[in-house]
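Residue-level structural notes
What follows is each chain in one-letter form.
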Amino acid sequence: MSQDSFPALPGFYRLLFLYLEPMSTIAPFLMVWISPGSAWFHHELIPSDNGPTGVLSPRTQMAIWQLANCYLLLGLISSLVFRSVRDALPNNPAAQERILGASFLALGIADASAVLRTTLESQR
């Protein structure tokens, strides 16, 4: 596929959203499910003085697994859906931009709400 077939994601943005972003969002899924594991990941999210205990309650374990699956979903959307847009609409930059714009808006709202909630909670 030629580079010109995806004008909605030029240069650096193509590298970022087709390769780097998917790798960085799929990595937490692999860390939880393979190694170093869900207890380590939980400790990274919610640090404690004791360090990772290695034993999580079943509810906490399930929540961490679900979070890891959300990371996988985000990585797959960035990787597979954006490539499908490129391949299905190679000569239609306006349609590419509308689809990517909607995707980026959804990702941006999720990022902003996470930053806002974290900021508000850390000020308590």
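The rules behind these values
- Residues numbered from 1 in each chain as written.
- Predicted model: local features only at pLDDT ≥ 70, side-chain atom pairs only at ≥ 80, totals over all residues.
- Heavy atoms only, no water.
- Buried < 20%, exposed > 50% of the residue type's maximum accessible area, 1.4 Å probe, protein only.
- Helix = DSSP H or I, 4+ residues; strand = E, 2+ residues; numbered from the N terminus.
- Contact = heavy atoms within 4.5 Å.
- Axes fitted to C-alpha atoms, helices over the stretch in contact; angles between N-to-C directions.
- Parallel < 35°, antiparallel > 145°, perpendicular 65-115°, else oblique.
- Nonpolar A, V, L, I, M, F, W, Y, C, P; charged D, E, K, R; others polar.
- 1 Å grid on protein atoms, 1.4 Å probe; cavity = no way out; pocket = protein on both sides within 12 Å on 5 of 7 lines; lining within 4 Å.
- Points joined across faces, edges and corners; volume = space filled by probe spheres on them.
- Core = buried A, V, L, I, M, F, W, Y, C linked by side-chain atoms within 4.5 Å.
- Phe/Tyr/Trp six-rings, centres within 6.5 Å; stacked < 30°, edge-to-face > 60°.

Some words on helix H2 (residues 38-45)
Of all the positions in H2, only Ser 38, Ala 39, Phe 41 and His 43 are classed as buried. Residues of H2 that are buried in the fold lie against helix H1 (11-33) and helix H3 (58-88).

Considerations on the packing of H3 against helix H4 (residues 93-122)
As a packed pair, H3 and H4 sit with axes 10 Å apart at the nearest point and diverge in direction by 170 degrees. Relative to H4, the element H3 lies roughly antiparallel. Facing H3, whose interface residues are Leu 74, Phe 82, Val 85 and Arg 86, H4 presents Gln 96, Ile 99, Leu 100, Ser 103, Phe 104 and Leu 107. Of the residues assigned to the contact of H3 with H4, the class counts are seven nonpolar, two polar and one charged.

Side note on the environment of Met 62
Relative to the elements of secondary structure, Met 62 occurs in helix H3. Residue Met 62 is classed as partly exposed on the basis of its relative accessible area, which comes to 42%. Taking the C-alpha atoms as reference, Met 62 lies 9.5 Å from Ser 38; in sequence the two are 24 residues apart.

Some details on the layout of surface pockets
What the largest pocket holds in volume is close to 280 Å³. Only H1, H3 and H4 provide two or more residues apiece to the lining of the largest pocket. With six residues, the single largest contributor to the lining of the largest pocket is H4. When grouped by side-chain class, the residues that make up the lining of the largest pocket number nine nonpolar, three polar and two charged.

Remarks on the nonpolar core
If you look at the biggest cluster of nonpolar residues, it comprises eight residues: Phe 6, Ala 8, Leu 9, Phe 17, Leu 18, Phe 82, Val 85 and Leu 100. Going through the elements one at a time, H1 and H3 are the ones with two or more residues in this core. Not counting the four nearest positions on each side in its chain, Ala 8 is found in contact with Gln 96, Glu 97 and Leu 100. Val 32, Phe 41, Ile 64 and Ala 68 belong to the second-largest nonpolar core, a separate cluster that totals five residues.

Points about the packing of aromatic side chains
For the structure shown, the criterion picks out seven aromatic pairs. With a centroid separation of 5.8 Å and 70 degrees between ring planes, the pair formed by Phe 12 and Tyr 13 is classed as edge-to-face. Classification of Phe 12 as exposed rests on a relative accessible area of 53%. Accessibility expressed as a relative area gives 45% for Tyr 13, which makes it partly exposed. Taken together, a centroid distance of 6.2 Å and an interplanar angle of 90 degrees make the contact between Phe 41 and Tyr 71 edge-to-face. Taken together, the positions of Phe 41 in helix H2 and Tyr 71 in helix H3 put the pair 30 residues apart, joining distant regions of the chain. For Phe 41, a relative accessible area of 7% gives the class buried.

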